[in-house]
Amino acid sequence: MRTLKLITRFYSGIFLVNFLITLSCVYSMIHFGTDALEIVGVLFWFKVCLLAVVFYFSITNNKQELYYYQNLGISKLFLAGTTSAFDFMLWLAFVYFQLRIGIPVYIFNLLLLSVLLIFLYLYYKK
Amino acid sequence: MTHILEADGIQLEFGLRRILSDVYLKCETGKITGLLGRNGQGKSCLMNIILGTLNSSSNSIRVDGAVTGNIRKHPELLLYLPQFNFIPKSLKVKQVMDDFKLPYTDFENRFPEFTAKMDQKVNQLSGGQWRTLEIYIIAKTPSLFAMLDEPFTHLNPIQIEKIKEFLQQEKANKGFLITDHMYSHLLDVSDTVYLLKDGKTHLTKTIDDLDMLGYITL
């Protein structure tokens, strides 16, 4: 339970940028409409590469704080593995449902607005 | 039962420059081992090699005689206080204590200046309080050994005395390996002191040994 809490805390620091990347993939699929399946391969590599870039920068910027997680028994690789796997699953779910159902764009707009408002609230609360 | 952490045959080079050559160091539970050395002699590098975050050309890190690789993955064996602040600044003091499963009341009793500060964020504390909190969690969290890199930095003289007293009490629960430039404080608390010079560790007993080895001038 403690491990889950710590991973969630670390992930919350990189969630927004990863979520925006995921949404940009979905918006691209909406833009391509019925031809969306053709760009899934490109979007896959786009997502994978940016996952690595985001994690690299989060590690570099929070290098000192990684000792905190290390002293709690959570290694850098474990953090990378779990957060990347979860984020990729989220991306996969969005892409899958977009391909299968074709979720209307306003739902994603609402989702984006909600997430941005929550982050703004948390930022000012901090 | 006494446990022993040994670092043996450590060699480290950066390019053509040899930093450590055939270093030996022993740390025992129930004791504080001090490590002194001038800037650039490789004290922090040695700690990172023991921790497993820095690769060296040759090393043998043993706990109770058994070679232990990647000791950083075993906080029950070794905890590490780096020379910089490592607690995420956005965390509250209470959250930190919860993460390490340490009761806040014990902390308050030990360091009364933290009374009513449990809801404060770490970056709202003074530099000395921040460091005190870090030393406390590393010293109190159960493990066989703890390595403290420059623990007295940012602390005022009163805080240093409190920390020295605290470490003397806590050494009953684990073995400490401490490095700091404040050699007089380190000598006060240490049972064994090594001086790192010219890439080798020299076991020292008195302040005269430090003078003889050129670390200080009496």
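Residues numbered from 1 in each chain as written. Chains lettered and ligands numbered in written order. Predicted model: local features only at pLDDT ≥ 70, side-chain atom pairs only at ≥ 80, totals over all residues. Heavy atoms only, no water.

**Q** Explain the overall build of chain B here, please?
**A** If you tally the helices and strands in chain B, you get seven helices and 10 strands. Projected onto its principal axes, the C-alpha coordinates of chain B cover approximately 50 × 40 × 40 Å. Each of the 218 residues in chain B was classed as buried or not, and the buried ones make up 54%. Sequence-distant contacts, at least 24 apart, represent 69% of the contacts inside chain B between residues at least 6 apart. Summing over all exposed atoms, chain B offers an accessible surface of approximately 9,500 Å²; the carbon and sulfur share of this is 50%. Within chain B, one finds 25 positive and 26 negative side-chain charges whose respective centroids are separated by 4 Å. (Helix = DSSP H or I, 4+ residues; strand = E, 2+ residues; numbered from the N terminus. Buried < 20%, exposed > 50% of the residue type's maximum accessible area, 1.4 Å probe, protein only. Contact = heavy atoms within 4.5 Å. Areas by Shrake-Rupley, 256 points an atom, 1.4 Å probe, with all protein chains shown as cover. Lys, Arg positive; Asp, Glu negative; His and termini not counted. Charge placed at Lys NZ, Arg CZ, Asp CG, Glu CD.)

**Q** Explain the sheet that holds strand 3 (residues 32–37) of chain B to me, please; I cannot follow it from the model alone.
**A** To summarise the sheet geometry, strands pair through backbone hydrogen bonds and adopt either a parallel or an antiparallel arrangement. Residues and elements named next belong to chain B. One open sheet accounts for six strands, arranged 6-7-8-3-9-10; its pairing is mixed. This sheet does not close on itself; its edge strands, each paired only once, are strand 6 (78–81) and strand 10 (200–204). Averaged over all pairs of adjacent strands, the angle between their axes in this sheet comes to 20°, without regard to strand direction. Of the pairings in the sheet, the one linking strand 6 to strand 7 (residues 145–149) comprises four bridges and is parallel in character. Each bridged residue has a counterpart across the sheet, and for Leu78 the counterpart in strand 7 is Phe145. Relative to the sheet, helix 1 (residues 43–51) contacts strand 3, strand 6, strand 7, strand 8 (175–179) and strand 9 (192–197), its axis offset from that of strand 7 by approximately 150°. Against the sheet, helix 4 (residues 127–140) makes contact with strand 6, strand 7 and strand 8, and its axis sits at roughly 170° relative to strand 6, the strand it touches most. (Pairing = 2+ DSSP bridges. Axes fitted to C-alpha atoms, helices over the stretch in contact; angles between N-to-C directions.)

**Q** For this particular structure, what's the right way to read the pairing of strand 2 (residues 17–28) of chain B?
**A** All names here are of chain B. Bridge count between strand 1 (residues 4–14) and strand 2: eight bridges; the pairing is antiparallel. Within strand 2, the residue paired with Phe14 across the bridge is Arg17. Hairpin remark: strand 1 followed by strand 2, antiparallel, with two residues in the connecting loop; positive phi at Gly15, about 65°.

**Q** How should the pattern of salt bridges be read in this particular structure?
**A** Any two side chains of opposite charge can pair, given that their charged atoms come close. If you walk through the whole model with that rule in mind, you get 16 salt bridges over all chains. Here Lys94(B) makes a salt bridge to Asp98(B), at a shortest N to O gap of 3.1 Å. Of the two residues, Lys94(B) and Asp98(B) both sit in helix 2 (residues 93–99), four residues apart, roughly one turn of that helix. The partly exposed category is assigned to Lys94(B), whose relative accessible area is 28%. Through salt bridges with shared partners, a single network forms among Lys5(A), Arg9(A) and Asp99(B). (Salt bridge = Lys/Arg side-chain N within 4 Å of Asp/Glu carboxyl O.)

**Q** Please clarify how the packing of aromatic side chains should be interpreted in this entry.
**A** Pairs of aromatic rings are described using the distance from one ring centre to the other and the angle between the two planes. This structure, assessed with the given rule, holds 28 aromatic pairs over all chains. Relative to Phe166(B), the ring of Tyr136(B) has its centre 5.5 Å away and its plane inclined at 15°; by these criteria the two rings are stacked. Highlighted residues: Tyr136(B) in helix 4 and Phe166(B) in helix 5 (residues 157–170), separated in sequence by 30 residues. Its relative accessible area of 2% is what places Tyr136(B) among the buried residues. We classify Phe166(B) as buried; its relative accessible area is 0%. Here the aromatic residues Tyr11(A), Phe15(A), Phe19(A), Tyr27(A), Phe86(A), Phe94(A), Phe108(A) and Phe119(A) are joined through ring pairs into a cluster of three or more. (Phe/Tyr/Trp six-rings, centres within 6.5 Å; stacked < 30°, edge-to-face > 60°.)

**Q** I tried to follow the confidence of the model for chain B on my own but got confused; where do I start?
**A** Atom-level detail of predicted coordinates should not be read off regions where pLDDT is low. Averaged over all residues, the pLDDT of chain B equals 90, while 100% of them reach at least 70. The ipTM value of the predicted complex is 0.90, and its pTM value is 0.87. (pLDDT = per-residue confidence, 0-100.)

**Q** Teacher, can you tell me more about the pairing of strand 10 of chain B here?
**A** Where a strand is regular, its side chains alternate between the two sheet faces. Strand direction decides the pairing type here: strand 9 of chain B and strand 10 of chain B, joined by five bridges, are antiparallel. Within the sheet, the bridge partner assigned to Val193(B) lies in strand 10 of chain B and is Thr204(B).

**Q** Quick question: what am I supposed to make of the interface of chain B and chain A here?
**A** A common way to report how large an interface is uses the accessible area buried once the components associate. In this complex, chain B contributes 23 residues to the contact, which on the side of chain A involves 13 residues. When chain B packs against chain A, close to 1,700 Å² is buried across both sides, 58% of that on carbon and sulfur atoms. Applying the counting rule to chain B against chain A returns two salt bridges. For the pair chain B and chain A, the number of links is five residue pairs in polar contact (both at pLDDT 80 or more). (Buried area = accessible area lost by both parts, 1.4 Å probe. Polar contact = N/O pair within 3.5 Å; in protein donor to acceptor, adjacent residues only side chain to side chain.)

**Q** Help me understand the sheet that holds strand 5 (residues 66–67) of chain B in this model?
**A** All names here are of chain B. Here we have four strands laid out as an open sheet, ordered 2-1-4-5, and antiparallel in their pairing. Two strands in the sheet have a free side with no partner beyond their single neighbour: strand 2 and strand 5. In this structure, strand 1 lies alongside strand 4 (residues 58–63), joined through five bridges in antiparallel fashion. Residue pairing in the sheet places Glu6 in a bridge with Arg62 of strand 4. Contacting strand 1, strand 2 and strand 4, helix 1 runs over the sheet at an angle of about 120° to strand 1.

**Q** For this particular structure, what's the right way to read the environment of Asp209(B)?
**A** Residues and elements named next belong to chain B. One can find Asp209 in helix 7 (residues 207–212). A relative accessible area of 21% means that Asp209 is categorised as partly exposed. Spatially, the C-alpha atoms of Asp209 and Leu195 are 9.3 Å apart, while their sequence positions differ by 14 residues. Here the side chain of Asp209 touches Lys205 through a polar contact of 2.7 Å, landing on its backbone nitrogen.

**Q** How do you make sense of the environment of Leu6(A) when you look at a structure like this?
**A** Relative to the helices and strands, Leu6(A) is located in helix 1 (residues 2–32). The exposure class assigned to Leu6(A) is buried, which follows from its relative accessible area of 0%. Between the alpha carbons of Leu6(A) and Asn109(A) there is a distance of 30 Å; along the sequence they are 103 residues apart. With near-sequence residues (within four places) excluded, Leu6(A) lies in contact with Tyr68(A), Tyr69(A), Leu72(A), Ile74(A) and Asp99(B).

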